[in-house]
Amino acid sequence: MYTPDQLHAKGKMKDTYKDIADNSHIYLICKRPKATFSNEDPVIHDGLVSGKIISRMGGKEIISEYTIPFSFEENEVSLNVAPYPHRKIQTLKADGSWERYWPSDMLAFHTGNEIYHNLEVLYVGQAFADGRRTAIDRLRTHSTLQKILADTMDEYPDDQIFIFNLVYDDYILLTSFDRRDKNSIGGDEDNARLKSIIDNHLSKKEVVCLAEAGLIRYFQPKYNEIYRESFPASDLKILAGCFDLDFSGLTVEIELSESPLKLYSERVKLKYHHIAAFNLADEEERLGFFSLSDGKEVRSILDDVIKMKR
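Quick summary incoming for the structure in this document.

### Re unusual backbone geometry
Turning to step 1, where the next piece is worked out: Note the cis peptide between Tyr84 and Pro85, where omega equals 15 degrees.
Turning to step 2, where the next piece is worked out: The residue Pro85 is located in the loop between strand S6 (76–81) and strand S7 (88–93) in this model.
Turning to step 3, where the next piece is worked out: Residue Asp46 is not a glycine yet carries a positive backbone phi of 50 degrees.
Turning to step 4, where the next piece is worked out: With respect to the helices and strands, Asp46 occurs in the loop between strand S3 (43–45) and strand S4 (48–57).

So, in structure tokens, the structure goes:
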């Protein structure tokens, strides 16, 4: 998780974070109230530093206090709030140059104020390019991100954009048997269908496309309005291959219960753990999932793609 300005930062990631960044192809663009430091310098006492963070919601000022462990390192002589707009606190050396800094957006998590933990999902996207391009690579030149940033500055000047990188390494295949369902297929046809799904292991690209489709369908973010923008023709062809496998359901999860963060959208309630589950046994339901529609309007498009694939 990071802010858009970090996309162009020259700093070095910790190895744990870099591993996630290098292997993630799904990203969420989210927003929450912007946090800035009070212009009062922080107070250091008994190995802790504390200070005030200011935000606005609906034009109303909200003041919270953070506290984190702190001690000076070699050559550091003071800890101060950076000049306006007071977006970081920083340690200074004797010559007045800064050594370390802490962004206000990150220290806001240490205030305990829930407004900093709740993020609205605005857009779900992916970057793959045969596994060579990461989400960070894609976002550095992403037109939708630029649109979101421009809209936020104009319409929500008191909010801050954040980006989540998600890693979906593989998938779990689940099977179920219900002898009470008299309409389900059985015998050789059922065995052949199951064998086809097991033998045709989904590729990394297919997993990424399905994860993106599931999260878009679930959150229905305001900037994912046009399906063909979210899924270019090449990705639609990949999904057509998944359609051929005839699996009957899909579940995509986001688990944040080990963090203080919660996600929500205009269509989804605020919570730590999101389960996007879809029943795809019905053909039109399956088409609707792929098209973010009722399934009918893309019947001919998907038929054409499947014919091309074959």
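### Focus: the sheet that holds strand S12 (residues 262–264)
Turning to step 1, where the next piece is worked out: Spatially, S10-S1-S9-S12 is the arrangement adopted by the four strands of the open sheet, whose pairing is mixed. The open sheet has two edge strands with one neighbour each: strand S10 (159–166) and S12. On average, each strand axis in the sheet is tilted by 40 degrees relative to the strand beside it, whichever way the strands run.
Turning to step 2, where the next piece is worked out: The sheet contact formed by strand S1 (residues 26–33) and S10 spans eight bridges and is antiparallel. In the sheet register, Tyr27 faces S10, and the bridge partner there is Asn165.

### Here's the deal with the pairing of S7
Turning to step 1, where the next piece is worked out: In this structure, S6 lies alongside S7, joined through five bridges in antiparallel fashion. Directly across from Val81, in S7, lies its bridge partner Ile89.
Turning to step 2, where the next piece is worked out: The turn joining S6 and S7, which pair antiparallel and follow one another in sequence, is formed by six residues; a positive phi near 60 degrees is taken by His86.
Turning to step 3, where the next piece is worked out: Two elements, S7 and strand S8 (residues 98–103), share four bridges in a ladder whose sense is antiparallel. Paired with Gln90 across the two strands is Tyr101, which belongs to S8.

### Thoughts on the side chain of Arg32
Turning to step 1, where the next piece is worked out: Tracing the chain through its elements places Arg32 in strand S1.
Turning to step 2, where the next piece is worked out: A polar contact is formed between the side chain of Arg32 and the backbone oxygen of Tyr116, at a distance of 3.1 Å.
Turning to step 3, where the next piece is worked out: When neighbours within four sequence positions are excluded, Arg32 is seen to be in contact with Asp105, Ala108, Phe109, Ile115, Tyr116, Asn118, Leu119, Asp159, Gln160 and Phe162.

### A closer look at the pattern of salt bridges
Turning to step 1, where the next piece is worked out: By the definition in use, this model includes eight salt bridges.
Turning to step 2, where the next piece is worked out: Among the salt bridges present, the one from Lys31 reaches Asp159, with a minimum N-O distance of 3.0 Å. Of the two residues, Lys31 sits in strand S1 while Asp159 sits in strand S10, which places them 128 residues apart along the sequence.
Turning to step 3, where the next piece is worked out: Classification of Lys31 by relative accessible area gives buried; the value is 10%.
Turning to step 4, where the next piece is worked out: Note that Glu99 and Lys93 form a salt bridge whose closest N and O atoms lie 3.5 Å from each other.
Turning to step 5, where the next piece is worked out: A relative accessible area of 35% means that Glu99 is categorised as partly exposed.
Turning to step 6, where the next piece is worked out: Classification of Lys93 as partly exposed rests on a relative accessible area of 26%.

Scoring rules and cut-offs
- Residues numbered from 1 in each chain as written.
- Predicted model: local features only at pLDDT ≥ 70, side-chain atom pairs only at ≥ 80, totals over all residues.
- Heavy atoms only, no water.
- Helix = DSSP H or I, 4+ residues; strand = E, 2+ residues; numbered from the N terminus.
- Pairing = 2+ DSSP bridges.
- Axes fitted to C-alpha atoms, helices over the stretch in contact; angles between N-to-C directions.
- Polar contact = N/O pair within 3.5 Å; in protein donor to acceptor, adjacent residues only side chain to side chain.
- Contact = heavy atoms within 4.5 Å.
- Salt bridge = Lys/Arg side-chain N within 4 Å of Asp/Glu carboxyl O.
- Buried < 20%, exposed > 50% of the residue type's maximum accessible area, 1.4 Å probe, protein only.

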